[in-house]
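Spelled out from the first residue to the last, the chains are:
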Amino acid sequence: MKFVLFILLILFKNLLSQQSDYWQTHFEKSNYLETPRYIETMEYFRKFEKHSPFVKMFSIGKSAEGRDIYVLIVSKDRAFKPELARKTNKPIILIQNGIHSGEIDGKDASMILLREILITKEKESYIDNAILIVMPIFNVDGHERFSPYNRINQNGPKEMGWRTNAQNLNLNRDYMKADSPEMKAWLKFFNQWLPHIFIDCHVTDGADYQYEITYSCERYGNVHPELGNWIKNEFIPFIENEVQRNGYLIAPYVWFRGDEIKNGIVDGVTSPRLSTGYVAIQNRVALLIETHMLKDYKTRVFATLTMLDAVIRKANQTGKKLVDLINQTEKKTIDELANQKKYLPIKFQSSNEFVPFIFKGIKYKKVPSIISGKEKIVYTGEKFEIEIPLYNKPVVVDSVKAPEFYLIPRAYSHIIEILTLHGVKYEVLKSSKKFVVEKYRFDENTTWQKRPYEGRVMITTRYEIFIDTINAEKGDYLIPVNQRTIKVIMHLLEPKSGDSFVSWGFFNSIFERKEYYEDYVMEKLAEEMYNSNETLRKEFEDKLKSDSTFANSPELRLEFFYRRSPYFDKQWLIYPVSRVIKVL
């Protein structure tokens, strides 16, 4: 009998050992030095679906090279569809990893997190009052451009992925324009699920300092003030305290104002082309995690795990209150912008207001470089503390008021395709209608960037506004602003916005003149106009007297008459998207 019990005990120990090995991650097996490749990663996450009834793993779409982009839904209610998830009234948390696939800490942290929730179950309560969505790797093609030489500034893992996708596009600049197949899939998924908290896991570049982890969390002009107050007063203090309680130094994202630490750091508003800026204008909690590049990989992964842990616990504590707060502020945003016609801030800058902040830095010195010929920074490794200004009072420098509707000609259906990905609702006109509209006429002195940025040639332009009455045709698109995505709509359709379709170059063709004149033809027409129109003749002669450049340029003189002739293209420089004032 004793022998039988002995054999059973050995078998039980072997089984436990096998179980332990089965759930040990590649990161752990490598002594915390490596991260697994795409196939091994997905095989590990697939095991959660096999071993837990609370997990559903599926692909949201394909990358440029045809790889699947997977997500895992973790729900104790088995709410694996967005409509079911919303009925639970539980906050939904989306953890996004590997948008920059060299910065892959969050992927390995997510493996351990889900194991502790679903398998070892010491954290199984984390899904009592919250639903988790984990995206193991967003930039799956960049992830497989594996090399030890992809991140010169980063201390581990031994090999990692690349920053951009296979089309050399930075997905973390693509949230508004949606040029990549990866982002098209992401936007469709996000706007179906509309998570209440979004976490984007990164590794920083930049200075050396003591902090293992830094963060940025939108709470100023991109989100409604009531949600911003909750983030500022409840969410961030809890996260900071919990991360520090677990032994990691944490600080706001270190973005220096100037080139010296003593000048301070800036905490401001993020452009919606970036993940957290985009999620914020959707009126959600948007958290950026930036572990410190010079800390070892083990430290960074476990610091990320600690922060994810804190966010999930806070979401569980807040529960339905957070869901209600976001629903309420969403309705208030629509009412304030669409009905009360308040201005939407679209451009911000840092003010000179600040609060004192004790920065935990690493001492450095500047010494001459025989390589670059300038002074170089050499960090000494010695820790120090200094009080610096934290500039956290961004101010609005430009804003715009919403119309009743936007009207988009059917010829620009490719714009509608992108708006649809963003969750925008619209009407297709079933017959022609007459509208009183505001139109934008752009300045001829529009400038284009000398080099492409994220595959596009961006522009800087100004415009004047004029009122017009137009006949919209059957098939044209009418976009009501009185909807949840009002901020997204305005950022995309208002040219003032740095992330508008105009700014990104979607409308570059309207700046091109397509018809010209031969001089000998225009000479004849100009002379007829000069002789037959006394007002025009006087305007021309006055300009000759007052403008010597004009007077001495045959081209400008002929152009004067061409632009006033019926042959000149009246659509040139006119923005085809109209702001509807009234339906006639």
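Cut-offs and rules
- Residues numbered from 1 in each chain as written.
- Predicted model: local features only at pLDDT ≥ 70, side-chain atom pairs only at ≥ 80, totals over all residues.
- Heavy atoms only, no water.
- Patch = residues over 30% accessible without salt bridge, like charges linked within 9 Å, V, L, I, M, F, W, Y side chains within 5 Å.
- Areas by Shrake-Rupley, 256 points an atom, 1.4 Å probe, with all protein chains shown as cover.
- Salt bridge = Lys/Arg side-chain N within 4 Å of Asp/Glu carboxyl O.
- Lys, Arg positive; Asp, Glu negative; His and termini not counted.
- Charge placed at Lys NZ, Arg CZ, Asp CG, Glu CD.
- Helix = DSSP H or I, 4+ residues; strand = E, 2+ residues; numbered from the N terminus.
- Pairing = 2+ DSSP bridges.
- Axes fitted to C-alpha atoms, helices over the stretch in contact; angles between N-to-C directions.
- Contact = heavy atoms within 4.5 Å.
- 1 Å grid on protein atoms, 1.4 Å probe; cavity = no way out; pocket = protein on both sides within 12 Å on 5 of 7 lines; lining within 4 Å.
- Points joined across faces, edges and corners; volume = space filled by probe spheres on them.
- Nonpolar A, V, L, I, M, F, W, Y, C, P; charged D, E, K, R; others polar.
- Left-handed = near helix turned anticlockwise from the far one by under 90°.
- Phe/Tyr/Trp six-rings, centres within 6.5 Å; stacked < 30°, edge-to-face > 60°.
- Buried < 20%, exposed > 50% of the residue type's maximum accessible area, 1.4 Å probe, protein only.
- Polar contact = N/O pair within 3.5 Å; in protein donor to acceptor, adjacent residues only side chain to side chain.

Chemist: Summarise a negative patch on the surface; cite the residues concerned and give the values.
Modeler: A contiguous patch of negative charge, built from Glu518, Asp519, Glu523, Glu527, Glu528 and Glu555, is present on the exposed surface. With four residues, helix 14 (residues 519-532) is the largest single contributor of residues to the negative patch. Considering the arrangement of structural elements, one finds Glu527 in helix 14.

Chemist: How would you explain the sheet that holds strand 9 (residues 285-291) if you had to name every residue and give the values?
Modeler: Taking strand neighbours across the sheet as the criterion, the eight strands line up as 1-2-4-3-5-9-6-7 in an open arrangement whose pairing is mixed. Looking at the sheet topology across the chains shown, the edges are occupied by strand 1 (55-62) and strand 7 (250-252). On average, each strand axis in the sheet is tilted by 20 degrees relative to the strand beside it, whichever way the strands run. In this structure, strand 6 (residues 213-217) lies alongside strand 9, joined through five bridges in antiparallel fashion. When the sheet's bridge partners are listed, Ile213 is paired in strand 9 with Thr291. Across the sheet, helix 5 (residues 105-118) is in contact with strand 1, strand 2 (68-74), strand 3 (92-96), strand 4 (131-135), strand 5 (197-203) and strand 9; its angle to strand 4 comes to roughly 145 degrees.

Chemist: Requested: an account of the layout of surface pockets, with residues and values cited.
Modeler: It is a probe the size of a water molecule, rolled over the atoms, that shows where empty space is left. Its boundaries defined by the atoms lining it, the largest pocket holds a volume of some 990 Å³. Lining the largest pocket are 43 residues, with Trp255, Val269, Thr270, Ser271 and Leu274 positioned closest to its centre. Broken down by secondary-structure element, the contributors of at least two residues to the lining of the largest pocket are strand 5, strand 6, helix 9 (275-281), strand 9 and strand 10 (343-350). Taken together, the residues of the lining of the largest pocket break down into 14 nonpolar, 18 polar and 11 charged. The volume enclosed by the second largest pocket comes to roughly 540 Å³. If you go around the second largest pocket, you meet 28 residues; those closest to its centre are Lys439, Lys570, Gln571, Trp572 and Ile574. Of all the secondary-structure elements, those providing two or more residues to the lining of the second largest pocket are strand 14 (405-408), strand 16 (433-442) and strand 19 (463-472). Looking at the lining of the second largest pocket, the element that brings in the most residues is strand 19, giving five residues.

Chemist: Can you explain empty space enclosed by the protein? Please cite residues and give values.
Modeler: Enumeration according to the criterion identifies two cavities of 30 Å³ or more in this entry. The space that makes up the largest cavity amounts to roughly 60 Å³. Contributing to the lining of the largest cavity are Ile281, Gln282, Asn283, Glu330, Thr333, Ile334, Arg484 and Lys487. Here the lining of the largest cavity takes three residues from helix 11 (residues 320-339), the largest share from any one element. By residue class, the composition of the lining of the largest cavity is two nonpolar, three polar and three charged.

Chemist: Summarise the packing of helix 14 against helix 17 (residues 554-563); cite the residues concerned and give the values.
Modeler: Closest axis-to-axis distance for the helix 14/helix 17 pair is 9 Å, and the angle between their directions is 65 degrees. Crossing of helix 14 over helix 17 shows left-handed handedness. Touching Asp519, Met522, Glu523, Ala526, Met529 and Tyr530 of helix 14 are Leu558, Phe561 and Tyr562, all from helix 17. Class assignment of the residues belonging to the contact of helix 14 with helix 17 gives a composition of seven nonpolar, no polar and two charged.

Chemist: With reference to specific residues and values, describe the packing of aromatic side chains.
Modeler: Here the structure, examined in full by the defined rule, presents 47 aromatic pairs. Each ring, one from Phe27 and one from Phe302, has its centre 5.9 Å from the other, and the planes form 45 degrees; the classification is tilted. In this pair, Phe27 sits in helix 2 (residues 26-29) while Phe302 sits in helix 10 (residues 297-318), placing the two residues 275 residues apart along the sequence. By relative accessible area, which is 0% here, Phe27 ends up buried.

Chemist: If you had to explain the environment of His143 to someone new, which residues and values would you point to?
Modeler: By the element assignment, His143 lies in helix 6 (residues 140-143). On the basis of relative accessibility, which here comes to 1%, the residue His143 falls in the buried class. Between the C-alpha atom of His143 and that of Ile104, which follows or precedes it by 39 residues, the distance is 8.6 Å. Beyond its immediate sequence surroundings of up to four residues, His143 is in contact with Pro36, Arg37, Tyr38, Ser101, Ile104, Lys107, Ile137, Gly161 and Trp162. A polar side-chain atom of His143 sits 3.0 Å from a polar atom in the side chain of Lys107.

Chemist: Mind laying out the sheet that holds strand 14, listing which residues take part and the relevant values?
Modeler: If you trace the six strands from one edge of the open sheet to the other, you get 15-20-14-21-16-19, paired in antiparallel fashion. The sheet is open, and its two borders are formed by strand 15 (427-428) and strand 19, each paired with just one other strand.

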